[in-house]
Amino acid sequence: MGEFLRRHSSAIALSIGLHAALVLALTVGFRFMPSRPRAAPQVAIQATVVDNEAIEREMQRLEELEQAEIRRQQEEERRAREAAEEARRQRELEQQRLEEERRAREQEAERERQRLEQLAREREEAERLRREREEAARREQERLAELQRQREEAERRAREEAERRAREEEERRRREEEERLAREREEAERRRREEEARRQQAEIEAQLARELEAEAQRRAAERAGLLDQYILMIQRQIEQNWIPPPSVGPGLNCRVNVRQIPSGEVIDVRVEQCNGDEAVVRSIEAAVMRASPLPKPPDPSLFERNLIVNFCPDC
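Please read all numbers here as calculations on a predicted model, not as lab measurements.

(A) Up close: the pattern of salt bridges. Under the definition given, this model contains 60 salt bridges. In this structure, Arg138 engages Glu142 in a salt bridge whose closest nitrogen and oxygen atoms are separated by 2.3 Å. With Arg138 and Glu142 both in helix H3 (residues 39-224) and four residues apart, the pair spans about one turn of that helix. Using a relative accessible area of 35% as the deciding quantity, one classes Arg138 as partly exposed. Through salt bridges that share partners, Glu169, Glu170, Arg172, Arg173 and Glu176 make up one connected network.

This is the structure we're talking about:
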């Protein structure tokens, strides 16, 4: 009721003011009315009564209006409360719906996160299994490779052992064959040496006999003057082939070493001592080579491979 009065205070004041004005107008109008016959007071009283009833009815109507307004206000307040309550309930439902949707989204997000985590775990597990399979395959390959290497190593060692034994056997047979051949060669060499020794001994004895005989002949030839005759023949043949150089001087005397073979062919000549210059020495060596072959000795026992000839054209 107090809330109603506060809300409609202006309307109530206006209504009260109208009623007061109406009462005042009726009162003033009654006082200034003209004089009438005595019956007039009864009429005025009735009018006053009528006016009071009208006022009362008006007051009652206003009261009813006020009550109706109050009921309307109460109804509006009730409806407002119900609307507010409905709105609150709707807000709560909306909040509940939003909360449920949020929880549903969170649950969906959680399920999605769990699904992703599960997928990640599954991928990790698959990757782990793949790595394990690859590692197992790698270890298996390494094991097979190691077995293959061991087999190859065993085969290689077996081959090497067989080859070593074959080489040793071959080496043993070769050594035995070499030892046998060496013994045979040694025996043959021994027999050859013995034969060679016998032959050399026979040759030495024969050579010694020939040398003794040649020496005897040589001595006999020397005693007969044949050696001097042989040396003189060689000297004359060399001098005949000598072309004296311009630098030669009187009293030339040179000692010449001549090497010859039994046919008389000169194979080497060397002037050992000479009082001439280099041109003279070269001219003597050239004369010896031009004199080849040298004369043969009158007695074969006088032949000498190395001859010492005195080159002295003026002697």
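(B) Fine view of the packing of aromatic side chains. According to the stated counting rule, one finds one aromatic pair in the structure shown. Geometrically, the ring pair formed by Trp242 and Phe311 is edge-to-face, given 5.2 Å between the ring centres and 80° between the ring planes. Here the residue Trp242 occupies a position in the loop between helix H4 (226-240) and strand E1 (254-260), and Phe311 occupies one in strand E3 (residues 306-311), the gap between them amounting to 69 residues. A relative accessible area of 14% places Trp242 in the buried class. The exposure class of Phe311 is buried, given its relative accessible area of 2%.

(C) Representation of the nonpolar core. Ile238, Val256, Val258, Ile284 and Phe311 are the most contacted members of the largest nonpolar core, which has 23 residues in total. At the level of secondary structure, the elements contributing two or more residues to this core comprise H4, E1, strand E2 (266-274), helix H5 (278-291) and E3. Among the elements that make up this core, the one with the highest residue count is H5 (six residues). Among residues more than four places away in sequence, those in contact with Val258 are Val266, Asp268, Val269, Val288, Leu294, Arg305, Asn306, Leu307 and Val309.

(D) Structural view of the pairing of E1. Counting buried positions along E1 yields five of seven residues, so the element is predominantly enclosed. Sheet analysis places E1 next to E2, joined by seven bridges and oriented antiparallel. Considered in E2, the bridge of Val256 is made with Val271. Turn length for the E1-E2 hairpin, with the two strands adjacent in sequence and antiparallel, is five residues, and the turn residue Gly264 shows positive phi of about 95°. Note that E1 and E3 share six bridges and pair antiparallel. Residue pairing for E3: Cys254 is matched across the bridge by Phe311.

(E) Up close: the sheet that holds E3. An order of E2-E1-E3 is seen for the three strands of this open sheet, with the pairing classed as antiparallel. Each edge of the sheet is formed by a strand with only one pairing partner; in this case those strands are E2 and E3. This sheet shows a mean twist of 25° between the axes of neighbouring strands, independent of strand direction. Relative to E3, H4 is tilted by about 60°, and along the sheet it contacts E1 and E3.

(F) Fine view of H5. Along its 14 residues, H5 runs 20 Å from first to last C-alpha, staying within 8% of the 20 Å computed at 1.5 Å per residue. For H5, the set of buried residues is Val280, Val281, Ser283, Ile284, Glu285, Ala287, Val288 and Ala291. Residues of H5 that are buried sit in contact with H4, E1, E2 and E3. Two to three positions downstream of the cap, the backbone nitrogen of Ala279 sits 3.3 Å from a side-chain oxygen, assigning the N-cap of H5 to Asp277.

(G) Looking closely at the state of the cysteines. Evaluated as defined, the whole model comprises one disulfide. Between the sulfur atoms of Cys254 and its disulfide mate Cys274 the distance is 2.0 Å. One end of the pair, Cys254, is in strand E1; the other, Cys274, is in strand E2, with 20 residues separating them in the sequence. Cys254 sits in the buried class, given a relative accessible area of 1%.

(H) Geometry of the confidence of the model for the protein chain. The predicted model of the protein chain averages 79 in pLDDT, with 79% of residues at 70 or higher. Within the model, pLDDT remains below 50 along residues 28-50, and this stretch shows one contact once partners closer than five positions in the same chain are excluded.

(I) How the structure looks around H4. Taking 1.5 Å of rise per residue, the 15 residues of H4 would be expected to cover 21 Å, and the 21 Å separating its terminal C-alpha atoms lies within 8% of that figure. Along H4, the residues that are buried comprise Leu227, Tyr230, Ile234, Gln235 and Ile238. Seen end-on, H4 carries its buried residues on one side only, within an arc spanning 135°. The exposed set on the far side of H4, more than 90 degrees from its buried face, consists of Asp228, Arg236 and Gln240.

Cut-offs used in this document
Residues numbered from 1 in each chain as written. Predicted model: local features only at pLDDT ≥ 70, side-chain atom pairs only at ≥ 80, totals over all residues. Heavy atoms only, no water. Salt bridge = Lys/Arg side-chain N within 4 Å of Asp/Glu carboxyl O. Helix = DSSP H or I, 4+ residues; strand = E, 2+ residues; numbered from the N terminus. Buried < 20%, exposed > 50% of the residue type's maximum accessible area, 1.4 Å probe, protein only. Phe/Tyr/Trp six-rings, centres within 6.5 Å; stacked < 30°, edge-to-face > 60°. Core = buried A, V, L, I, M, F, W, Y, C linked by side-chain atoms within 4.5 Å. Contact = heavy atoms within 4.5 Å. Pairing = 2+ DSSP bridges. Axes fitted to C-alpha atoms, helices over the stretch in contact; angles between N-to-C directions. Expected span 1.5 Å × (residues − 1). Polar contact = N/O pair within 3.5 Å; in protein donor to acceptor, adjacent residues only side chain to side chain. Disulfide = S-S within 2.5 Å. pLDDT = per-residue confidence, 0-100. Arc of directions from axis to C-beta.

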